[in-house]
Amino acid sequence: MSITVNRAVLAHRLFTGLSRRHLARLVGELALPWQAGVEGRRHAARGGARKRAAGAGARHQLVFVDRVVATLIHLRHDLPHSVLGLLFGVDRSTITRAIAEVRTLLPGRGCAVPDLPGLRLRTMADVFAYARAEGIELRLDATEIQVRRPPAGRGGRRAFVSGKKKQNTMKATVIADWRGRTLWTDTLRPGRMHDATAVRNEGIAVCFQHFPDVEVLLDDGYLGLSRDHRGQAITPPRKPRPGALPGRVQQWERDRHGHSSDRITVEHALADHKRWKQLSRWTHRRDRLPDTYRAIASLVSDRTAA
């Protein structure tokens, strides 16, 4: 039995997570790289240049726009490939191949920059340079995604056990601006790694050194960064010692509340990512999660940059 759903319905924002305007921009951006990849694979399979005129031969069962839509639906709702094949009226293997082709194009896009079309941030240094140029105070935080437990007896099995969640997780570090718009996300680390260690491994110390006027709001998990980079890595004020004057305690409570209110926008950015079902709990191969997270972060930044 074959069920083919109206393509216009499948391209709706409820399925893809993107408005039609953003979807059109994404299709236009990815079309040439995708076509170049297709021609490259064909050239390798032929062992040389094509022998027939352009346009000759079999046609794609799934046009490029449908391939992008199917990939977005898979990322947004984690529908199985067989279900997507039924919706688009093609075989499961066609959907699998289409998602693999499109998903590889998304992680390298980077994150969109608010009010600056065409400019995208791909590294932490890009984000710090943008923050210095625009006078923006950054917000940084980490989140954990539950992953499948490595097989028994395999080396490095304990590296994924999170001390906080008591589960097998991978940790993502995200930087957002004062409005909660995603500016950057790292290559994910095993969940056992401390938040501060993860961001140090991404080179934040070098960024603080080269951009001394950029400030980053952090939570209590980054006290070591605050100690090493005073005035730049800003964590909540420390609690007064027992017996402190009531006025000092009240001032600490106001300062801590103000810091939390300013930093909460990065939590909103993380919540935007987790609305994509694949990031609520990752059930696929762990080595594919980093690219998937960066792909989703780039798509979320497209939506929030407008």
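Placed above this text is the structure.
Residues numbered from 1 in each chain as written. Predicted model: local features only at pLDDT ≥ 70, side-chain atom pairs only at ≥ 80, totals over all residues. Heavy atoms only, no water.

A. Just the packing of aromatic side chains, in detail. Applying the stated criterion across every chain yields a total of three aromatic pairs. On the basis of an interplanar angle of 85 degrees and a centroid distance of 5.5 Å, the ring pair of Phe 128 and Phe 208 is categorised as edge-to-face. Note that Phe 128 is positioned in helix 7 (residues 124-134) and Phe 208 in helix 9 (residues 204-210), a separation of 80 residues in sequence. Judged by relative accessible area, Phe 128 falls into the buried class, the value being 0%. The ring of Trp 178 carries the charged tip of Arg 179 above its face, separated from the ring centre by 5.9 Å. The residue whose ring lies beneath Arg 286 is Phe 160, and the NZ or CZ to ring-centre distance is 4.7 Å. (Phe/Tyr/Trp six-rings, centres within 6.5 Å; stacked < 30°, edge-to-face > 60°. Helix = DSSP H or I, 4+ residues; strand = E, 2+ residues; numbered from the N terminus. Buried < 20%, exposed > 50% of the residue type's maximum accessible area, 1.4 Å probe, protein only. Lys NZ or Arg CZ within 6 Å of the ring centre and 35° of its normal.)

B. Examining the side chain of Gln 232 more closely. Topologically, Gln 232 is positioned in the loop between helix 10 (223-228) and strand 8 (233-234). Classification of Gln 232 as buried rests on a relative accessible area of 11%. Apart from the residues lying within four places of it in its own chain, the contact partners of Gln 232 are Phe 208, Phe 211, Pro 212, Asp 213, Val 214, Glu 215 and Val 216. (Contact = heavy atoms within 4.5 Å.)

C. Representation of the environment of Arg 281 in the model. When you line up the elements, Arg 281 lands in the loop between helix 11 (246-274) and helix 12 (289-305). Judged by its relative accessible area of 39%, Arg 281 falls in the partly exposed class. Taking the C-alpha atoms as reference points, Arg 281 and Glu 144, 137 residues apart in sequence, are found 9.6 Å from one another.

D. Region of the structure containing the pairing of strand 5 (residues 182-185). One ladder, built from three bridges, connects strand 4 (residues 169-176) with strand 5; its direction is antiparallel. Paired with Ala 176 across the bridge in strand 5 is Thr 182. Between strand 4 and strand 5, which follow one another and run antiparallel, lie five residues, and Gly 180 among them has a positive phi close to 80 degrees. (Pairing = 2+ DSSP bridges.)

E. Structural view of the nonpolar core. Counting residues in hydrophobic clusters, the biggest one holds 43 residues, and the most contacted among them are Leu 26, Val 68, Phe 88, Ile 95, Leu 289, Tyr 293 and Leu 299. Counting residues per element, the ones that place at least two in this core are helix 3 (20-46), helix 4 (64-77), helix 5 (81-88), helix 6 (92-103), strand 4 and helix 12. It is helix 4 that provides the largest number of residues to this core, a total of seven residues. Each residue touching Tyr 293, except ones within four places of it in the same chain, is listed here: Thr 143, Ile 145, Ala 172, Val 174, Thr 185, Leu 188, Leu 270, His 273 and Leu 279. The next biggest cluster of nonpolar side chains, apart from the first, holds 26 residues, and it includes Phe 128, Ala 196, Val 214 and Ala 233. (Core = buried A, V, L, I, M, F, W, Y, C linked by side-chain atoms within 4.5 Å.)

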